Structure formats: C-alpha cells, structure tokens
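# Notes for the structure review
Spelled out from the first residue to the last, the chains are:
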Amino acid sequence: MILTQTWALTVAAYRELNAKKLFWVTLALSVVVVAVFASLGISDVGITILHWEIEVPGLNRETLPPDQFYLSTFVSLGIGVWLTWIATALALVSTCGTIPDLVQEGSVETMLSRPISRVRLLLTKYSLGLLFVAFQVLIFSAGSVLVFGIRAGVWEPRIFLAVPIVVLFYSYLFSICALVGLLTRSTIAALLVTALAWFGLFLANTADEMLLGFQKVAEARVELRQQRLHLEEGMATTELRRRLEESQTLPEDWAPTPAELDESSPSVVLWREQVEESQSNAESLEFWHDVAVWVKLVLPKTAETIALLDRELIDPERITVSQARENDRPRDDDERAMMLGAERTQAALRERSLAWVLGTSFAFEAFILGICCVIFARKDY
Amino acid sequence: MTTVDGHAIELSGLSKTFGRRVRALRGVDLTVRRGEVFGLLGPNGAGKSTLLKILMTVIRRSGGRGTLLGRPIGTKSALRGVGYLPEHHRFPSYLTGRQLVDYSGSLAGIGRGERRRRTESLLEMVGMKDWATTRLRQYSKGMKQRVGLAQALVNDPAIVLLDEPTDGVDPVGRREIRDICARLRDEGRTVFINSHLLSELEMVCDRLAILVKGEVDRQGTLDELVAGQIRYDIELAVEPDKAGAFFDLVAPGERLESGETIERTGSTLRLGTTEPDVVQPILRGLVERGATVRAVRPSRPSLEDLFIQAVTDPTTGRTLGPGARTRQEEKPARAGEGARS
C-alpha cells in the first residue's frame, strides 16, 4: 500500500510539473548551458569560443590545464551561477506551490481522507519537490561529464557529486518554503519569504566571508609589521650599542630597554604604534567575525554547501601555482598582507569541517521540517 | 466492499470548539445504520461539514467519541472503507477524469489492475466515460461533481460521505446522483448525504437528522419526524371568497371545540388532527350547507416544514441566524431551550 501511494504521489507531482511547463523550460535551459560549455575551450594563447580564439594574458594551457579549466568553469559558472542561482530560482518557482496546494481548502480534505498518515504525506510531497531538482542537476551533470570527456579528454565522475550537493543546498530553501506555505497556504507568500530568506542567508554568508577576510588580512598585517618592528629594533640596538661602546664597555648580553630603543629610533616608535594599531584592529575584526559565525551557526550554510563541490573538484595547488607565476610580486607590506590574507581566508574556508557545513544545516532543516510536521499533523482543515 | 458489524456511524457527545469562542458542535449524538441512505441537513454554519470533516480526520474533535465502521473515529485505519466527496473540492485541474479516479484509487492503496477496472466502471456509472480523457480544468461544475463522486467510490467503500453532492448539477444530473445513491444502498452500502436541497433528501433518504447550532435537533425516518403532525385538508370546489363563508359556518375561529387547529388557505380548510372522527362532522356540515367538496386528503408536513420548525425559535417565532453558536450565546440559548421544552 505504501509503495502504491508513494508512486501515485510521484506521478501526480510529475503531472503537476509537466502542466506548469517550467520543468521543461528549466531542462531546456540546462541543455543550453551545457552547450555553451561545450563551445568553450582553452588554447595556448587564451580561451576559445567555437572557432574564435580570444587572447587572454596569463591564461593558457600551461597556466591552467584543460581539465582544470573545464572543472573551474563547471564549478564557477555551471554550479556557482547556473544551478545555484538561476536554476534554483526556476526550481523554487516550479515547486513553491507544492505545500500550499496540498493544504488548500478542497484539496486537503481529499488527501487527508485517505488512509495515509499526515506526516508521511507531507514528507513525501517535500521529497518529491527535491526529486525535481535532483533530476535537473543529474541531467546537467551528465551533460557536463560528456562535454569534459569529449573536449578535454577527462572523464570526471566526481561531477555527479553536484547532484547531492545542489539538492542539499536547495533543500534548505525548500524547507523554509514548505513552512511558509503551510502557515499561509499562499504560493506567493511562500516564494517571497523564501527569496527573502535566501537573500538573508547570502548576506550572512557574505558578512562571514568578508569579516574573515578582513581579519586574516589584519592578522597578516600584524605579522608583517611585527617582522618590520623586529628588524627596526635590531637595527636600533646595533646602532645604540655602537654609540655606547664609544664611551664604555658593554657586556655581551647587554640589551637596550624598550624606552632606550624608543628614544634612540623614531622608526621603532612608529612601527610599534603600527603593530599595536593593527593588533587592535585584528582583535576587533576577530570579535565581529565571531559574532557572524555565531549568527551563522543556527542558519543553513548555502554557499558553503555549494563550495564543497569546489573543494572536491578543484585542485588549489595547481591553480594557485600557475597563477602565482603570472602575478607580480607584491610591492609593499600592505599588498603582501592582502595576498596572505586572501590565501589564508580561502584556506580557512576550505578547512571548515563537514560537521559545521552540513551538520548545522541539517539541524536547521530538520528543525524546520519538524515544525512543519507538528503543524500539519495537528492542524484542523 | 468491506463488511462490518454494527452501525456504520455511531457518535456520542461529539463536540468541536474552534479557538475559545466558536462551538461548532455541542454534544452530537447520532446513529447511522448500515445499508441506509442518511441525510444530514441544517442551516448554514450548523456544523454539518465540521461533522463530516471530523469523521474523515480532517478536523480533530474536541470531545465525545464515536465509531466509523466499528473503528474509532479520528484514526486512519477507519478510512479504508470510506469514500468521501468534500463540499468545496478542488481536484488537480491538470488531471483528466480518468487520472483523477485512478489517482484517488492509488491513494486508497488499491492495486493497479483492480483500480483500472473500477475506474472504467465508475466513469461509466457517473456518465463521464466520454469525457474521461479531458482535463478537469475544462469540466463544468456538474461534471466535476460526477467525477468527484466516482473518485469517492473507487475504493469500493462500505460507506460514502457526500457533502452537497448535487451542488452545481443540473436536474438530470441530480436525478442520476439520486439513482446512484439508491443503487449504492441496494448494494448494501451506507450513504451519508449532507445537503441543503431538502426535496432531494426527502426523495432519497431513509433516515434524516436536522443539525441546528451544533446540536442534533431531531433524527429518525421521515414518518417518525412527522409523527403527530398529520393534517387533513378539505378542499371545496368554489371560489376562495365563497369558501370562506362556508368555513365560517362550520368551523369558526382558530380552533375546533376539541382543541385542534384550523387553518384556511383559499378554498382549502386544514384541520390539525389525525383523527377521521373529528373530520366527519365538519365534512357533513359543509355538504349539508350546499358546499361541493372537491377533495379530502390527509397531508403531512414537508421536510422543508420540519426544517423551518427546527430552525425557528418557538418563543420569538424568528428563525435562527446562520453560523455556529458562540460561548456568549450559550446562556440565553439555554434559557430558550428551557422555554422550548
């Protein structure tokens, strides 16, 4: 009986999507995006689009191997732009009516009067919404694997990791959509609130990454300024020792006091002040980043979930090394701090545990779905 | 069809309160026997749909208990042998009639082969075979009611609950739905109809209940409900203004000497009695005074009369307003009940 009912709900969900046409529109657009990938390539002087070659300084087969070029394109454009934003928006428009339609007057009575538990009914409907997204991503990933295989000679099955990762990402938003739909019975309200929540999550993530970036740059600046301070102190000590030894004999272990150093060298004073200033700055940024992290703790990690694919598919060593060859050396400490900070930020983000990225997101989704189940199971319609 | 022992529906003290104020049902006691067509009627907001929704687990009861096909109400297992057509149903418009019935059968857990066979036979029964492949969005209200009825029957139910089944259906369709109800009864199924259309209920129902302000005002067969309310009508073959003169001679005033009521409507004299002995002297008097009697017939109140009686406050003579009873209305209502009894 359970299989018969589940299959019936699946077929009905397909018919609903089919009737909305958006399912096929999204699928057609996915094929177009895959076709665009297929038209791209990398040559010895730049990138190619079909027959045309565009010269790009610093970008060629040597600096970015073809497999990495296609994987980067897949992750940054295919996943980062197409699936994460455009296809997700289309999927939300397609599926946001799933739960409001279920609880509409006249519809809910028919469903609830059948021998199927309310919780199972709700969770099946919810899962079917995710199945729609899984199918879309599966088609897109299969197309991408084919393109990479044919164009770059690389058969990369790890691309299919996009299916669970994008579905997970979508499920966070869809849980919010389900809750709002259940409470308001309105498709428009569900869509709008989910879009707002999505924007809120984007802001939280951006704040986290920016504050982390600023913090890492500030910490790098502290390190560099401390190095410079030590250098200045060394120079000042040598100079002071030389001056004092002109009139007296100093023991081997003689060392000037900080006050003596400050008195003898304005540079030491300047760099000490700069170290203290940057330390204070770094501490302040660390505090605000901690606040952002605590806020994010209870929220789903949309961007970080998608970034898991980047972690898995992109080899940072190969890209970083090749890019470094082309980049100019930093001109001053500030530029060096910026570069170090950026590298450390990326490293810190990549080092975030799966428990942080997925565990807390799952907890959020489970909490929202739990509320949905309690409401749906207890509500009078 | 599932066979069960005992009553199809048995409710005792069933109550439902929405929020803190609105008492939609106030201790409903109701019994529906197996194999009968049972009609539930009542004014708007009397609690009819709420009662059906409680039976179908769409709404949870606040108090009382009851059984549906021998199983406690509010449990999903009780729904296996039940078919339901909601009042304001909104079936998916992208499905065809055949797909809807099949979908409904799947949700009831019926296997594919059996489902297909029943779908075809039910579409034939409700007269929608020719429209089976058309999407519901192209159906008229009456057509939707017909496929709605088919989907309610797809699980071969022992009891079918129909909420306003003839709503939006043309007269021919109404007759067909009545015939289907009668046929279901003949097959041994119980049919529970909730409707405003009193004349239709009168035609098809074996037993009835009138729900007023969340309480069962009366229930039973139509004969039981009108017991003690049979009247005799004497119709004269004269103009109404001349008939009045004859009536003044033999039955002046508003009551007979023995206490029965007298009503005059045109050429008809209605005597509030069920005793032929009371009628005979009046009849004789009219004939002796030269009146030509066209007909003498016993009459009983229609379902509409009973309904109006049920929704009329005997102390004020005013019909009760629509909607459920609120807690604020409880005290005056109870005082009114005392006066009524």
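Residues numbered from 1 in each chain as written. Chains lettered and ligands numbered in written order. Predicted model: local features only at pLDDT ≥ 70, side-chain atom pairs only at ≥ 80, totals over all residues. Heavy atoms only, no water.

Here the focus is the overall build of chain B. From N to C terminus, chain B includes 11 helices and 15 strands. The principal-axis extents of the C-alpha atoms in chain B amount to approximately 75 × 50 × 40 Å. Per-residue burial over chain B gives 50% buried out of 341 residues. Sequence separation of at least 24 residues holds for 70% of the intrachain contacts in chain B that already meet a minimum separation of 6. Counting only carbon and sulfur atoms, one obtains 46% of the accessible surface of chain B, whose full area is about 15,700 Å². Side chains of chain B carry 53 positive and 44 negative charges; the gap between the two charge centres is 10 Å. (Helix = DSSP H or I, 4+ residues; strand = E, 2+ residues; numbered from the N terminus. Buried < 20%, exposed > 50% of the residue type's maximum accessible area, 1.4 Å probe, protein only. Contact = heavy atoms within 4.5 Å. Areas by Shrake-Rupley, 256 points an atom, 1.4 Å probe, with all protein chains shown as cover. Lys, Arg positive; Asp, Glu negative; His and termini not counted. Charge placed at Lys NZ, Arg CZ, Asp CG, Glu CD.)

Let's shift gears to the interface of chain B and chain A. Much of the literature gives interface size as the accessible area that the parts lose upon coming together. Counting residues at the interface gives 34 residues for chain B and 29 residues for chain A. Counting the surface lost from both chain B and chain A, the interface buries some 2,700 Å², and carbon and sulfur atoms represent 54% of this. Linking chain B with chain A are three salt bridges, by the criterion used here. The salt bridge partner of Asp 380 of chain A is Lys 16 of chain B, with a shortest N-O separation of 2.4 Å. Our enumeration of links across chain B and chain A arrives at 13 residue pairs in polar contact (both at pLDDT 80 or more). Every element with two or more residues in the side of chain B that touches chain A is listed here: strand E1 (9-18), strand E6 (82-85), helix H2 (97-107) and helix H4 (141-153) of chain B. Sorting elements by how many residues they give to the side of chain B that touches chain A places H2 of chain B first, with five residues. When grouped by side-chain class, the residues that make up the side of chain B that touches chain A number 17 nonpolar, nine polar and eight charged. (Buried area = accessible area lost by both parts, 1.4 Å probe. Salt bridge = Lys/Arg side-chain N within 4 Å of Asp/Glu carboxyl O. Polar contact = N/O pair within 3.5 Å; in protein donor to acceptor, adjacent residues only side chain to side chain. Nonpolar A, V, L, I, M, F, W, Y, C, P; charged D, E, K, R; others polar.)

Our focus in this paragraph is the sheet that holds strand E14 (residues 293-299) of chain B. All names here are of chain B. The sheet built from four strands is open, its strands ordered E12-E13-E11-E14 with antiparallel pairing. A single partner strand is all that each edge strand has here, and the edge strands are strand E12 (262-265) and E14. Sheet twist, expressed as the average angle between the axes of neighbouring strands with direction ignored, equals 20 degrees. Where strand E11 (residues 231-236) and strand E13 (residues 268-271) come together, four bridges link them in antiparallel fashion. Residue Asp 233 lies in a different strand from E13, and its bridge partner there is Arg 270. Docked against the sheet, helix H8 (residues 240-250) engages E11, E12 and E13, running at close to 130 degrees with respect to E11. (Pairing = 2+ DSSP bridges. Axes fitted to C-alpha atoms, helices over the stretch in contact; angles between N-to-C directions.)

Taken as a whole and assessed by the stated rule, the structure comprises seven cavities of 30 Å³ or more. What lines the largest cavity is simply Ala 13, Glu 16, Leu 17, Lys 20, Ser 94, Thr 95, Thr 98, Lys 125, Leu 128 and Gly 129 of chain A. Elements with a contribution of two residues or more to the lining of the largest cavity: helix H1 (2-20), helix H3 (66-95) and helix H6 (118-152) of chain A. Broken down by element, the lining of the largest cavity gets its largest block of residues, four residues, from H1 of chain A. A breakdown of the residues in the lining of the largest cavity according to their chemical character gives three nonpolar, four polar and three charged. Empty space within the second largest cavity amounts to approximately 80 Å³. Forming the boundary of the second largest cavity are Pro 165, Thr 166, Ile 177, Arg 178, Cys 181, Ile 193, Ser 195, Leu 197, Glu 200, Leu 201 and Val 204 of chain B. Those elements giving two or more residues to the lining of the second largest cavity turn out to be helix H5 (171-186) and helix H6 (198-204) of chain B. Split by residue class, the lining of the second largest cavity holds seven nonpolar, two polar and two charged. (1 Å grid on protein atoms, 1.4 Å probe; cavity = no way out; pocket = protein on both sides within 12 Å on 5 of 7 lines; lining within 4 Å. Points joined across faces, edges and corners; volume = space filled by probe spheres on them.)

Remember that the coordinates give geometry; whether it matters functionally is a separate question.
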